[in-house]
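Structure assessment
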Amino acid sequence: MTFVQLIECRTSRFDEMNRLLDTWVEETKGRRSATHDLIGQDRSDDAHFVQIVEFPSYEDAMRNSHLPETDRIFQEMAALCDGMPTFTDLEVVRDEQLYAANARRFFELIAAAGELPPLNSVMAEHYHDHDPANEQDTLGLDNMRREFEMWRGAFDFGFTMDEQICQDDRVCTRWTWHGTHRGDFLGIPATGRRVSMTGTTVFRCGEDGKLVEGWWQYDRLGLMAQLGVLDALEN
């Protein structure tokens with residue numbers, strides 16, 4: 001279970017403390033067990049700082065604290081503080097990446113059975129889409145709805161979320177798409193074939209969490225082969 005340690009302190013010498021932490025990162029390279037380190041400054045008290053350090057487990061945190069460099073750096077850090085830093089140990093009981101959840105909801109909505117649901121809860125009105133299969137980028141939510149309706153009119157389909165990675169305002173989703181060819185698709189009459197393809201989508205999210213820009217890569221050639229378009233060429 002993920003473990004998080006909160007370290008609070010007061011200092012007027014944060015620049016020195018920041019350089020000290022850079023030294024610790026460099027000296028413990030390859031041996032420290034912390035996976036994420038974040039420091040925040042109190043907006044109402046600019047001498048109050050909170051450091052949030054994430055570990056895979058409590059045991060990993062203890063191994064990290066027993067590194068000789070950790071003890072030395074802590075003593076030097078404490079000397080820069082107005083009083084001793086305070087520690088709070090937390091076992092993480094819920095960890096939800098909200099941008100990632102919004103991206104997953106997007107894939108669920110565009111694959112939903114029946115009429116295409118409203119998408120303004122997950123996508124911005126000024127959404128900008130980059131799809132190498134289209135000659136021009138698709139701009140705006142209304143144009144995206146028409147793009148989705150084209151796919152929905154041709155296939156009954158769904159997505160399997162294979163992997164998601166989040167960093168800052170970006171969410172990268174590796175997915176598998178699977179569908180049944182029920183209607184015309186780019187001039188190809190319905191075949192009734194069960195088809196699938198893999199792809200990756202990177203979304204940029206706005207401050208409200210909605211998707212504002214997207215980049216797609218997927219195996220469209222493989223899809224065409226499954227629909228029989230390449231049979232004549234192969235013969």
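The structure under discussion appears in the preceding block.
Here goes a summary of the coordinates provided. As the structure is a prediction and not an experimental result, all values here were calculated from the model. Residue positions are given per chain, counting from 1 as you read along its sequence in written order. Where totals are concerned, whole chains, interfaces and linings use all residues; where local detail is concerned, this predicted model gives features only for residues with pLDDT of at least 70, and gives and counts side-chain atom pairs only at 80 or more. Working from all heavy atoms in the structure, the side-chain values ignore hydrogens and water.

Before going further, it helps to spend a moment on the nonpolar core. We define a nonpolar core as any set of buried Ala, Val, Leu, Ile, Met, Phe, Trp, Tyr and Cys residues linked to one another through side-chain atoms lying within 4.5 Å. For each residue, the accessible area found with a 1.4 Å probe, counting protein chains only, is set against the maximum for its type, and the residue is called buried under 20%, exposed over 50%, and partly exposed in between. If you look at the biggest cluster of nonpolar residues, it comprises 34 residues, and the most contacted ones within it are Phe106, Met123, Trp151, Phe155, Trp177, Phe185 and Leu223. The set of elements that each furnish at least two residues to this core consists of α4 (98-110), β5 (123-130), α5 (141-154), β7 (155-167), β8 (170-181), β9 (194-205), β10 (211-218) and α6 (220-226). Those residues in contact with Trp151, other than ones at most four positions away along the chain, are Phe157, Trp177, Phe185, Met197, Tyr218, Arg220 and Leu223. One finds Met17, Trp24, Phe55 and Met77 within the second-largest nonpolar core, a separate group that totals 14 residues. Helix and strand assignments come from DSSP, with helices taken as H or I runs of at least 4 residues and strands as E runs of at least 2, each series counted from the N terminus. We call two residues contacting when some pair of their heavy atoms lies within 4.5 Å.

So, on to the packing of helix α1 (residues 14-27) against helix α3 (residues 68-79). Lines fitted to the C-alpha atoms define the axes, with helices restricted to the stretch that makes contact. Angles between their N-to-C directions range from 0 to 180 degrees. Interaxial distance between α1 and α3 falls to 10 Å at its minimum, and their mutual angle equals 175°. It follows from the interaxial angle that α1 and α3 lie roughly antiparallel. Judged by residue contacts, Met17, Leu20, Thr23, Trp24 and Glu27 of α1 engage Glu69, Thr70, Arg72, Ile73, Glu76 and Met77 from α3. Classification convention: Asp, Glu, Lys, Arg as charged; Ala, Val, Leu, Ile, Met, Phe, Trp, Tyr, Cys, Pro as nonpolar; all other residues, Gly among them, as polar. Across the contact of α1 with α3, the residue classes tally to five nonpolar, two polar and four charged. When an angle is under 35 degrees it counts as roughly parallel; over 145 it counts as roughly antiparallel; between 65 and 115 it counts as roughly perpendicular; any other value is oblique.

Next up on the list: unusual backbone geometry. Phi angles above zero are rare outside glycine, and Asp168 is one such case at about 55°. Tracing the chain through its elements places Asp168 in the loop between β7 and β8. For Asp168, a relative accessible area of 69% translates into the label exposed.

Now for the environment of Glu147. Topologically, Glu147 is positioned in helix α5. The exposure class of Glu147 is buried, given its relative accessible area of 17%. Measuring from C-alpha to C-alpha, the distance between Glu147 and Val229 comes to 21 Å, with 82 residues separating the pair along the chain. Dropping the residues within four chain positions of it, Glu147 is found in contact with Asp131 and Asn134.

A pairing counts as a salt bridge when a side-chain nitrogen of Lys or Arg comes within 4 Å of a carboxyl oxygen of Asp or Glu. In this structure the tally under the stated criterion is 13 salt bridges. Ionic pairing is found between Asp45 and Arg10, a salt bridge with its closest N-O pair at 2.3 Å. Of the two residues, Asp45 sits in the loop between β2 (36-41) and β3 (48-55) while Arg10 sits in strand β1 (residues 3-10), which places them 35 residues apart along the sequence. What makes Arg10 partly exposed here is its relative accessible area of 37%. Put simply, Glu149 and Arg152 hold a salt bridge, and the shortest N to O gap is 4.0 Å. Of this pair, Glu149 and Arg152 are both found in helix α5, three residues apart, which corresponds to roughly one turn of the helix. If you follow the salt bridges from partner to partner, you end up with Glu27, Arg72 and Glu76 in one network.

Two cysteine sulfurs form what is called a disulfide whenever their separation falls within 2.5 Å. Going through the model one piece at a time under the given rule, you end up with zero disulfides. In this structure Cys166 is a free cysteine whose sulfur lies 8.0 Å from that of Cys205, the closest cysteine sulfur available. Cys172 forms no disulfide, and the closest cysteine sulfur to it belongs to Cys166, at a distance of 9.2 Å. Residue classification places Cys172 among the partly exposed positions, given a relative accessible area of 27%.

Right, let's get into the packing of aromatic side chains. Aromatic contacts are taken between Phe, Tyr and Trp rings whose centres are within 6.5 Å, Trp giving its six-membered ring; a plane angle under 30 degrees counts as stacked, one over 60 as edge-to-face, and the others as tilted. Counting across every chain of the model gives 23 aromatic pairs. With a centroid separation of 5.8 Å and 75° between ring planes, the pair formed by Trp151 and Trp177 is classed as edge-to-face. Here Trp151, found in helix α5, pairs with Trp177, found in strand β8; they are 26 residues apart in sequence, far enough to count as distant. Owing to a relative accessible area of 2%, Trp177 belongs among the buried residues under this scheme.

Turning our eyes to something else, we now look at the sheet that holds β9. Paired strands, in this sense, are two strands between which DSSP finds at least two bridges. Strand order across the open sheet formed by six strands is β6-β5-β10-β9-β8-β7, with mixed pairing between neighbours. A strand with exactly one partner marks an edge of an open sheet, and here the two such strands are β6 (138-139) and β7. In this structure, β5 lies alongside β10, joined through four bridges in parallel fashion. Bridge pairing in β10 links His130 to Trp215. Contacting β5, β7, β8, β9 and β10, α4 runs over the sheet at an angle of about 170° to β7. Contacts from α5 reach β5, β6, β7, β8, β9 and β10 within the one sheet, and its direction differs from that of β5 by about 65°.

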